[in-house]
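Listed below, chain by chain, are the residues.
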Amino acid sequence: VQLQASGGGLVQTGGSLRLSCTASRRTFSSRACGWFRQAPGKEREFVAGITWSTTYYADSVKGRFTISRDNAKNTVYLQMNSLKPEDTAVYYCAASLVTSPGVNEYNYWGQGTLVTVSS
């Protein structure tokens, strides 16, 4: 499975962006997917995940970010609202072969898309 992430850009504090992650295969629609991010000088961290029936979020983005999927388009989205400078990072989408993956159980990764939030 190849994943293509897009939608990053420059936005002011309080603004919104929507990231998209499109997969090359239809089987993607049955996979658990997630979004991760890596800020400069920091380790990659989990942001949000979605399974067939559940969504889950890091505490730092709860109430501001929403993960969703459109299986007909083989695409997972990350709607990011009320963005803060600390959300600045390269965002990566990922897919897992595990039904309810832990943060270290993602097998396929997209190339990353840069989100920059200016203060």
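Presented here is a report on the structure given in the accompanying data block. (Residues numbered from 1 in each chain as written. Predicted model: local features only at pLDDT ≥ 70, side-chain atom pairs only at ≥ 80, totals over all residues. Heavy atoms only, no water.)

**A short note on the overall build of the chain**
Line of reasoning, step 1. In terms of regular secondary structure, the chain is built from zero helices and eleven strands.
Line of reasoning, step 2. Reading the secondary structure of the chain in the N-to-C direction produces β-β-β-β-β-β-β-β-β-β-β.
Line of reasoning, step 3. Each principal axis of the C-alpha atoms in the chain carries an extent, and together these give about 40 × 25 × 25 Å.
Line of reasoning, step 4. When each of the 119 residues of the chain is scored for burial, the buried share is 45%.
Line of reasoning, step 5. Contacts spanning at least 24 positions in sequence make up 57% of the contacts within the chain whose residues lie at least 6 apart.
Line of reasoning, step 6. Carbon and sulfur atoms make up 46% of the accessible area of the chain, which amounts to about 6,300 Å² in all.
Line of reasoning, step 7. Side-chain charges of the chain comprise 12 positive and 7 negative groups, with the mean position of each set lying 9 Å from the other. (Helix = DSSP H or I, 4+ residues; strand = E, 2+ residues; numbered from the N terminus. Buried < 20%, exposed > 50% of the residue type's maximum accessible area, 1.4 Å probe, protein only. Contact = heavy atoms within 4.5 Å. Areas by Shrake-Rupley, 256 points an atom, 1.4 Å probe, with all protein chains shown as cover. Lys, Arg positive; Asp, Glu negative; His and termini not counted. Charge placed at Lys NZ, Arg CZ, Asp CG, Glu CD.)

**Quick notes on the state of the cysteines**
Line of reasoning, step 1. Evaluated as defined, the whole model comprises one disulfide.
Line of reasoning, step 2. Residue Cys-21 pairs covalently with Cys-93 via a disulfide, S to S 2.1 Å. The chirality of the disulfide connecting Cys-21 with Cys-93 is right-handed, given an S-S dihedral of about 65°. With a gap of 72 residues between them, Cys-21 in strand S3 (residues 17-23) and Cys-93 in strand S9 (residues 89-96) connect regions that are remote in the sequence. Across the pair, Cys-93 and Cys-21 agree in class, each one buried.
Line of reasoning, step 3. No disulfide involves Cys-33; its nearest neighbouring cysteine sulfur is the one of Cys-21, lying 6.6 Å away.
Line of reasoning, step 4. Taking the relative accessible area as the measure of exposure, Cys-33 reaches 2% and is therefore buried. (Disulfide = S-S within 2.5 Å.)

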